[in-house]
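Here is what each chain is made of, one letter per residue.
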Amino acid sequence: MTPSSNQNPEQIARDLIDKQLEQAGWLVQSKNEVNLSAGKGVAIREYQTSSGPADYVLFVDRKPVGVIEAKREEEGERLTVVEDQSREYATSKLKYLKHDDLPYVYESTGTITRFTNYNDPKPRSRPVFHFHKPETLAEWNGHAETLRARLLDTPVLDEAGLRPAQITAIRNLEKSFKDNRPKSLIQMATGAGKTFTACTFVYRLLKFSKAKRILFLVDTKNLGEQAEQEFLKYQPTDDNRKFTELYNVQRLTSSYIASDSQVCISTIQRLYSILQGKELEESAEEENPNESGWTWQKKDPLPVAYTQKNPIEQFDFIIIDECHRSIYNLWKQVLDYYDAFLVGLTATPDKRTFAFFNQNVVSEYTYEESVADGVNVPYDVFTIETEITKAGSIIKAKEFVDKREKLTRKKRWEQLDDDLVYTPNKLDKDVVNPSQIRTIVRAFKEALPTIFPDRFDEDGEFEVPKTLIFAKTDSHADDIINIVREEFGEGNDFCKKITYKIEEDPKSVLNRFRNSWAPRIAVTVDMIATGTDVKPLEVLLFMRDVKSSNYFEQMKGRGTRTINFDDLQKVTRTAKHTKTHFVIVDAIGAIKSKKTDSRPLERKPTVPLKDLLGAIKMGAQDEDLFLSLANRLLRLEKELSPSEKEKFSELAEGKSLQTVIKNLLNAYNPDEIERIESEVAQNKIGEAPDEISKAITLEVDQLRTTAAQVFTGELTEYVEKVRKAHDQVIDGVNLDKVTKAEWDTFTTEKAEQVIQDFTEYIHAHKDEIIALEIFYDQPYRRRELTLKMVKDLLDRIKLDRPLLAPNYIWEAYQQLEQVKENSPKKELITLVSLIRKVVGIDAQLTSYDATVNENFRKWIFQQNAGQHNKFTEEQLAWLRMIKDHIASSFHIGMDDLDYTPFDREGGRGKMWEMFGTETANLFEELNKELSA
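The rules behind each value
- Residues numbered from 1 in each chain as written.
- Predicted model: local features only at pLDDT ≥ 70, side-chain atom pairs only at ≥ 80, totals over all residues.
- Heavy atoms only, no water.
- Axes fitted to C-alpha atoms, helices over the stretch in contact; angles between N-to-C directions.
- Helix = DSSP H or I, 4+ residues; strand = E, 2+ residues; numbered from the N terminus.
- Parallel < 35°, antiparallel > 145°, perpendicular 65-115°, else oblique.
- Contact = heavy atoms within 4.5 Å.
- Nonpolar A, V, L, I, M, F, W, Y, C, P; charged D, E, K, R; others polar.
- Patch = residues over 30% accessible without salt bridge, like charges linked within 9 Å, V, L, I, M, F, W, Y side chains within 5 Å.
- Areas by Shrake-Rupley, 256 points an atom, 1.4 Å probe, with all protein chains shown as cover.
- Salt bridge = Lys/Arg side-chain N within 4 Å of Asp/Glu carboxyl O.
- Lys, Arg positive; Asp, Glu negative; His and termini not counted.
- Charge placed at Lys NZ, Arg CZ, Asp CG, Glu CD.
- Buried < 20%, exposed > 50% of the residue type's maximum accessible area, 1.4 Å probe, protein only.
- Phe/Tyr/Trp six-rings, centres within 6.5 Å; stacked < 30°, edge-to-face > 60°.
- 1 Å grid on protein atoms, 1.4 Å probe; cavity = no way out; pocket = protein on both sides within 12 Å on 5 of 7 lines; lining within 4 Å.
- Points joined across faces, edges and corners; volume = space filled by probe spheres on them.
- Pairing = 2+ DSSP bridges.

**Points about the packing of helix H29 (residues 787–800) against helix H31 (residues 827–839)**
Link 1 in the chain: Relative to each other, H29 and H31 sit at 85°, their axes nearing to 10 Å. On the basis of their axis angle, the class for H29 and H31 is roughly perpendicular. In this structure, H29 contributes Leu787, Val790, Lys791, Leu793, Leu794, Ile797 and Lys798 to the contact, and H31 contributes Glu827, Leu828, Leu831, Val832 and Ile835.
Link 2 in the chain: Here the residues of the contact of H29 with H31 sort into 9 nonpolar, no polar and 3 charged.

This is the structure in structure tokens:
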């Protein structure tokens, strides 16, 4: 029902409320025509109560359950003021009936509605997009307690298998639920286990709070698949069954939401399409909407209308993954549609994120904290700078250059009429300089042994650590891949592209990158910038700049993941220890370039064509969009060949490009709309004004839908490809050269800080840890040091200060050029070597096993030079075994002779046979001399 102009504001509000009630499945009746058996839910207007007539009384299964207090639209801001009035009606006696107080109370203008469930503990009103269905109120009546009451009874969290930050997040989130806070934000560093945390609290909400259905919302298909895998493998600590054996998990691939699904995983694009009553092509889920056409719109959020198939109460909780980017402007109304608790998960919140979640940050766990806890690893920066990267170049007139079509890669030879000056930001877009790419790749290859000095195998071959290169475009990525393969002298499998646009299944390439030896280097434009777990990754090479601080943090997050030594060695065979850090190789100035809090949502008129196509493909229909797109297509039409126009028509339902442009322009053409209004009015002479107005709206909507519906994923992809087909100039004239290839300055400062932190820790605990007491005491006590003491010390360091991993401290000394050799293979030997340096026993950092070898050589020389008889070859072999044992275990005693390698050579008996009564003295002397 459309309100007419001669109605008063109160009546307009009633008409809107009537319509919404009917949409939700209620039968609206007047007080004089009551038939409570006419349907499950009946809303009776002006029902008499002991406090006067209530605007609406709601009946479910013939029993009264709630009231609606209607107010005119101008009173929307005063709805909370009338709560006492609506509550009075809910606690009054209805004429003819005996009943308890009515729990479900609404205040509404038909535009704004608030709702209170008085069965809740501490009942609090909340805004709702629409009225609930009668079936929902009936279901709520069937529960002994409301959801908010059940949340109060959540048992204490079992902390087994959870990290401290995850425990904090879940505890605080559950407290937030108990406090009835509608929005909660969990800020947790990349790699700290956000999805596992979500699986844990989702399980608890389903089991203990009896939540009906929970939505896990992502913004790319890739993240949805990962979330699904997390739920599939999640096993609660209090049940021996997997999550999916206990609860139904559905990843939405159509508009169908199963009635028995308890966890739904969906992209926000698909959710919007579901609320529009439309199906969505899977291709529309592949790109992060924050990086594509959705964000071009600068006005209102995407419109959302009520749909009974997907009511506002469909989900009890909505978890928004990577919520820093999906919830603003366009998507806010999609989230506001549902009457649900909202939980945001992000590593990189900004001001808007905090504002959207009402500043209710239940858990803050920063990257720095995650590094300090050993959950993530830190990073160092290695800078590569070249002349052309920094300043661009010039190709003189009359030079012959290659010109290459971006799409087909087809080249032709052409002479330049004028000088071509290009700046750095033109590189790899309008101009490609292979020498610039090659110079960076070659400098990277030459620097790798400096960056990872311990990655040589037994044959002296260097093993490239797992490396991810960020490229500017697909074309740039292809150029990088070809040059990487050439410069490293490797085949196709060594370096691969990971993007949605490759022919090979991107997930299989990604899977091999994660779990197999090859590829060693992957090149991506944006597919794995966010949310993709590649734990063995040790190098990020930036060959594209990023202006968004959030996006940059997400890209850096690809390298932060920890991995245990065995898993790392499966894919990187020369790894000597677990991953202690990763390295950013910055070849574009990405670290130092100016960053903004987020990508700007206010787009300029120069919005990329790709973004316009993405928006219209997803169903956006506003005047700016249609006119901008028509203008771009007009320009493109002049450049297309007849065969390209024919292909366009084939993909556009047989419509020519000119027809498509005309339809876009007509969609908001005032003359065309006036023609429709006149035609409809003529055809409906004598009908009610409301019906005529409704028919006109339908016709205009159809006009716009017709203009937009040709833009399928296939057509938009074709248009984008055709647009890209213009030429790139290949600069084969100007050769580039490296101006800088070095550790970033703050990396040196960081190395100094790490060594200082380690030194301070050792000094601070010298009186409470036995191993440290021995090192600080007189030299004679060093003979008392045992393997167990050193293991206990290492365990204590890992517990107190995980960042102070011995191998990482050793690498800090290497960066400061205080040591040439690589760290020992055994972590315990590395630790003892470092302590000897810090305490002052060794002037230079030296591997402890090398010190033992040198001390053993000196001791043997002294023995042979003195009065002692020379040792036999058999005795020397035993002494070398003792030396090796002290080098790896720090101490030898008589009991050690019962174990490998001594036992297989005869053990105690053989030792006594060779050295007799000197055995005990020999042990004491070697323990002392070799540890000197």
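**Points about a negative patch on the surface**
Link 1 in the chain: There is a patch of like negative charges on the surface, built from Glu364, Glu368, Glu369 and Asp373.
Link 2 in the chain: Mapped onto the elements of the fold, Glu368 is located in helix H13 (residues 367–372).
Link 3 in the chain: Of the residues examined, Glu368 reaches a relative accessible area of 56% and is grouped as exposed.

**Quick notes on the packing of aromatic side chains**
To describe a pair of aromatic rings, one takes the distance between the centres and the angle between the planes.
Link 1 in the chain: In total, this model carries 33 aromatic pairs according to the counting rule given.
Link 2 in the chain: On the numbers, 5.2 Å between centres and 15° between planes, the contact of Phe317 with Phe341 is stacked. Remark: Phe341 occurs in strand S13 (residues 341–346) and Phe317 occurs in strand S12 (residues 317–321); sequence separation between them is 24 residues.
Link 3 in the chain: Judged by its relative accessible area of 1%, Phe317 falls in the buried class.
Link 4 in the chain: Consider the rings of Trp859 and Phe871, whose centres lie 5.9 Å apart with planes at 20°: the pair is stacked. Linking Trp859 in helix H32 (residues 848–865) with Phe871 in the loop between H32 and helix H33 (873–889), this pair joins segments that are 12 residues apart in sequence.

**Digging into empty space enclosed by the protein**
Space left empty within the atom packing is revealed by a probe, the size of a water molecule, rolled over the atoms.
Link 1 in the chain: A complete count under the given rule lists 8 cavities of 30 Å³ or more for this structure.
Link 2 in the chain: The space that makes up the largest cavity amounts to roughly 120 Å³.
Link 3 in the chain: For the largest cavity, the lining is made up of 17 residues, of which Phe452, Asp454, His577, His581 and Glu811 are closest to its centre.
Link 4 in the chain: A total of 4 residues in the lining of the largest cavity trace back to one element, the largest contributor, which is helix H30 (residues 806–815).
Link 5 in the chain: For the lining of the largest cavity, the per-class residue count stands at 4 nonpolar, 8 polar and 5 charged.

**Quick word on the pairing of strand S11 (residues 263–267)**
Link 1 in the chain: With 5 of 5 residues buried, S11 lies mostly within the body of the structure.
Link 2 in the chain: Along S11, one buried face is formed by Val263, Ile265 and Thr267 and the opposite face, lined by Cys264 and Ser266, is buried too.
Link 3 in the chain: Where strand S9 (residues 214–218) meets S11, 5 bridges bridge the pair, whose relative direction is parallel. Bridged to Leu215 within S11 is Cys264.
Link 4 in the chain: One ladder, built from 3 bridges, connects strand S10 (residues 249–251) with S11; its direction is parallel. Within the sheet, the bridge partner assigned to Val249 lies in S11 and is Val263.

**Quick word on a nonpolar patch on the surface**
Link 1 in the chain: A cluster of nonpolar side chains, contributed by Leu627, Leu634 and Leu665, occupies part of the molecular surface with about 220 Å² of accessible area.
Link 2 in the chain: With respect to the helices, strands and loops of the structure, Leu665 is situated in helix H23 (residues 657–666).

**Here's the deal with the layout of surface pockets**
Link 1 in the chain: For the second largest pocket, the calculated volume is near 1100 Å³.
Link 2 in the chain: Gln226, Glu230, Lys233, Asp533 and Arg561 are the residues nearest the centre of the second largest pocket, which is lined by 42 residues in total.
Link 3 in the chain: Of all the secondary structure elements, the ones that give two or more residues to the lining of the second largest pocket are helix H6 (194–208), helix H7 (221–233), helix H17 (506–515) and helix H19 (565–571).
Link 4 in the chain: For the lining of the second largest pocket, the element with the most residues is H7, which contributes 9 residues.
Link 5 in the chain: Of the residues contributing to the lining of the second largest pocket, the split by class is 11 nonpolar, 15 polar and 16 charged.

**As for unusual backbone geometry**
Link 1 in the chain: The residue after Ala518, namely Pro519, is reached through a cis peptide bond having omega 0°.
Link 2 in the chain: Relative to the helices and strands, Pro519 resides in the loop between H17 and strand S23 (521–524).
Link 3 in the chain: Following Thr900, the chain continues into Pro901 via a peptide bond in cis, with omega recorded as 0°.
Link 4 in the chain: Residue placement: Pro901 occurs in the loop between H33 and helix H34 (907–915).

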